[in-house]
There are 2 protein chains.
Amino acid sequence: MSSSLIFTNYVAETIDEIVERLQPSSIHVLVDVNTEAFVLPLLRSQSKAVAAASVIAIKAGEMFKNLDTVSAIWKKLSDGEANRRSLLINLGGGVVTDMGAFAAASFKRGIAFINVPTTLLCAVDASVGGKTGFNFNGLKNEIGFFRDADVAIISTIFFNTLTSQEQLSGYAEMLKHGFVESEELTRKMLAYDVTNYRPESLLELLKESVAVKERYVEADREDRGARRALNFGHTIGHAFESLAMKRKSPLNHGYAVAFGMVVALVQSRIKYDFSSELLNAYVDYVKRHYGAFEISCADYPELLKFMHHDKKNDRKDAINCTLLRAPGQVEVNVPQTDADITAALDIYRDLLGLP
Amino acid sequence: MSSSLIFTNYVAETIDEIVERLQPSSIHVLVDVNTEAFVLPLLRSQSKAVAAASVIAIKAGEMFKNLDTVSAIWKKLSDGEANRRSLLINLGGGVVTDMGAFAAASFKRGIAFINVPTTLLCAVDASVGGKTGFNFNGLKNEIGFFRDADVAIISTIFFNTLTSQEQLSGYAEMLKHGFVESEELTRKMLAYDVTNYRPESLLELLKESVAVKERYVEADREDRGARRALNFGHTIGHAFESLAMKRKSPLNHGYAVAFGMVVALVQSRIKYDFSSELLNAYVDYVKRHYGAFEISCADYPELLKFMHHDKKNDRKDAINCTLLRAPGQVEVNVPQTDADITAALDIYRDLLGLP
């Protein structure tokens, strides 16, 4: 684990220790309206540093993960006379940490920032890997760059404010880490009931899951090769998200990945004879907990268009996918034609009982 | 010299060689309306790669070095189906290369880009150091980060399209490199007539000047210590630029630095007994070639406010300046009070004969 990643349920104390060490000239805390209402008051009462911080509040949700919001953050920092020794604390889910990281890393050519994920999804996914950014031109994370937080503080204390839907959303990424790691971890993940978790056991499982991500990220910081293992389920997942955004009914990222992994496992079954037993076990899990993202063949052209726009595509003709021979046996940059994808989407609809 | 920096007057051939090596999936060339009219046609006729590129044209000048323009560049790339293996060629002065670099380095988390400076100022200043960015909230380069171009191609072939004002603007940064390097280089620079240059001798002097910058940048990539030597003349210079922008009559960056160096040399004389003979020789040079930036004491509060906003200031009370004991003997982070600055501005006005 990198030293910049701290797993602890003593969040306020940890923030104060870090601030003591960094001695920033000013402290700014970025929240959305949800974390402002439900998380900030508690932290303010427990942490001297957070109590002293000036608050930058933004609207909540993927819909506001855009340039206007980033610009508003910059403006607040600039008007608040932040300088190069200022510190930004990003307190929220992935939308807050992705945009906050982008804003901090590009403000006056980069100021220090701490990520404090308040959702399981952000803790498992956005806290490691240094991805920053926002949606642009109707495309997810179209703008962004790589920059690690100075520290990410990972805890489970905020998750009691999450709905079971939000818990499941984060858990989809943990399932993904199971798939790219080993059959053992996959089955362990499929057996755990995240909607009825204990803080300590979940923090342990989270640590194990994040460790998988860290190993891949360390091996490939620029996201050009091995790291694409972590993209498992995401090519289709992002397209589902983009389609949902276009329908004006945004799809939770984790759910999109959960559904995307069904398609990716189907592709893996067709191409590499991935175990049908495990595919079916996963489909059962998805149906039980996540339901289904509804698509018809009328949506295919749009979905394919989104996929061709995907950052991971180096070539214009094929769509690069991450597939599995078996859990832990990952193949990255597998070129798939529109026909390959279409076939898998048909089976996805069958498996999830869509018309 | 870093291998990513190429000094040559065979620009078209060099671009084609680089493109041959990089094999980008698409090529995009960023120009402003000036380089589109006066530089692009020639390069298009000589370079296969540039001829094949899709053109992104923006308005010219510091006034348009803003978020709207960056956003327009991103939109063109996105609509033009640029992907992570695309290449952006930034063809222009510092405004084009700073924004083009920012846009490329943050598009889909970073695509390759080449800077081709068409002005002396950009060649000597913006081509090395990895600074990217744009103006925001009325402040110069408020947003940006560090990222090197994959290659910067430095030539003097485009400078015949420059006015003598533009030549002098670039030359101010070369003079600065003289001051922070040695008395010998300073006197060599003060003896050279840039408004009547020969391409080969200027390319040689440019090489010598850029080498000074590269040495400082290599020693301090994050711009926190030694590199601030290069900030000589810039703290006041940037404030002059900001004031001029506010007056709606933008001041050329090089001129701002030329005037800023007068103030910095005065501060250096007061604090470190910098040679009055060399100060006067420089003031003569400035009066002869650059004239004067007009300020009165009514402007001081505004100028001080801009300086307190400067990225280089870690502390809220003092203004950090780069001063000289003698040419080549640089002191960075010298705290100066408002009174110190005010005294130097008074003497600046006296020296340049301002009322």
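Rules of the game
- The written sequence of each chain sets the order in which its residues are numbered from 1.
- Whichever chain is written first becomes A and whichever ligand is written first becomes 1, with later ones labelled in order.
- Restriction of local features to residues with pLDDT of at least 70 applies here, the model being predicted, together with a cutoff of 80 or more for giving and counting side-chain atom pairs; totals for whole chains, interfaces and linings are based on all residues.
- Hydrogen atoms and water are omitted, and side-chain values are computed over all heavy atoms in the structure.
- Segments assigned H or I by DSSP are reported as helices when at least four residues long, segments assigned E as strands when at least two residues long, and all are numbered from the N terminus.
- A pair of strands is labelled paired if DSSP reports no fewer than 2 bridges between them.
- Every axis corresponds to a line fitted to the C-alpha atoms, with the helix fit spanning only the stretch in contact, and the corresponding angles, defined between N-to-C directions, vary from 0 to 180 degrees.
- The criterion used for residue contact is that any of the two residues' heavy atoms lie within 4.5 Å.
- We define the nonpolar core as a collection of buried residues of types Ala, Val, Leu, Ile, Met, Phe, Trp, Tyr and Cys that are connected through side-chain atoms lying within 4.5 Å of one another.
- Throughout this description, buried means an accessible area under 20% of the type-specific maximum (1.4 Å probe, protein chains only), exposed means over 50%, and partly exposed covers the range between.
- Roughly parallel means an angle under 35 degrees; roughly antiparallel means over 145; roughly perpendicular covers 65 to 115; every other angle is labelled oblique.
- Two helices crossing with the near one rotated counterclockwise from the far one by less than a right angle form a left-handed crossing, whereas a clockwise rotation gives a right-handed crossing.
- Under the grouping applied here, Gly and all other residues not named as nonpolar or charged are polar, the nonpolar ones being Ala, Val, Leu, Ile, Met, Phe, Trp, Tyr, Cys and Pro and the charged ones Asp, Glu, Lys and Arg.
- Throughout, disulfides are identified as pairs of cysteine sulfur atoms within 2.5 Å of each other.
- Seen with the strands pointing away from the viewer, any crossover whose path from the first strand over the helix to the second strand runs clockwise is right-handed.

*Asks:* Residues and numbers for unusual backbone geometry, please.
*Replies:* At Lys248 of chain A, a residue that is not glycine, the phi angle is positive and equals roughly 65 degrees. With respect to the helices and strands, the residue Lys248 of chain A is situated in the loop between helix 11 (234–246) and helix 12 (253–272).

*Asks:* Explain the sheet that holds strand 1 (residues 5–7) of chain B to me, using residue names and the numbers behind them.
*Replies:* Residues and elements named next belong to chain B. Taken in spatial order, the six strands make up an open sheet running 1-8-5-4-2-3, and their pairing is parallel. Edge strands, defined here as strands with exactly one partner in the open sheet, are strand 1 and strand 3 (54–58). In this sheet, adjacent strand axes meet at a mean angle of 20 degrees when their direction is disregarded. Its contacts with the sheet put helix 6 (residues 94–106) on strand 2 (27–32), strand 3, strand 4 (87–92) and strand 5 (112–117), and the angle it makes with strand 4 is roughly 165 degrees.

*Asks:* Quick one: what's the story with the nonpolar core, residue by residue and with numbers?
*Replies:* Tyr171, Leu206, Phe240, Phe259, Tyr282, Tyr290 and Tyr348 of chain A are the most contacted members of the largest nonpolar core, which totals 80 residues. In this structure, Phe240 of chain A is in contact with Leu251, Ala256, Phe259, Gly260, Val263, Phe293, Ile295, Leu303, Leu345 and Tyr348 of chain A, ignoring residues within four places of it in sequence. Among the nonpolar cores identified, the runner-up in size contains 79 residues, and Tyr192, Leu205, Ala264 and Val283 of chain B belong to it.

*Asks:* Provide a residue-level description of the packing of helix 5 (residues 67–79) of chain A against helix 6 (residues 94–106) of chain A, including the pertinent values.
*Replies:* Residue and element names in this part refer to chain A. Two elements in contact, helix 5 and helix 6, have axes whose closest approach is 10 Å; the angle formed by their N-to-C orientations is 50 degrees. For the element pair helix 5 / helix 6, the angle class is oblique. Taken as a pair, helix 5 and helix 6 cross one another with a handedness that is right-handed. When helix 5 is examined against helix 6, the residues Thr69, Val70, Ile73 and Trp74 are found in contact with a partner set consisting of Met99, Phe102, Ala103 and Ser106. Partitioning the contact of helix 5 with helix 6 into residue classes produces six nonpolar, two polar and no charged.

*Asks:* A description of the state of the cysteines should follow, citing residues and the corresponding values.
*Replies:* Summed over all chains, the structure comprises zero disulfides over all chains. Left without a disulfide partner, Cys297 of chain A is nearest to the cysteine sulfur of Cys321 of chain A, which lies 20 Å away.

*Asks:* Please provide a residue-by-residue account of the pairing of strand 5 (residues 112–117) of chain A, values included.
*Replies:* A regular strand carries its side chains on alternate faces of the sheet. Residues and elements named next belong to chain A. Counting buried residues in strand 5 gives six out of six residues, a clear majority hidden from the surface. Covered by surrounding structure in strand 5 are Ala112, Ile114 and Val116 together with Phe113, Asn115 and Pro117, the residues of both alternating faces. One ladder, built from six bridges, connects strand 4 (residues 87–92) with strand 5; its direction is parallel. Paired with Ile89 across the strands is Ile114, a residue of strand 5. Where the polypeptide runs from strand 4 across helix 6 and back to strand 5, its parallel neighbour, the crossover connection is right-handed.

Interpretation note: all reported values are geometric properties and have no functional meaning in isolation.
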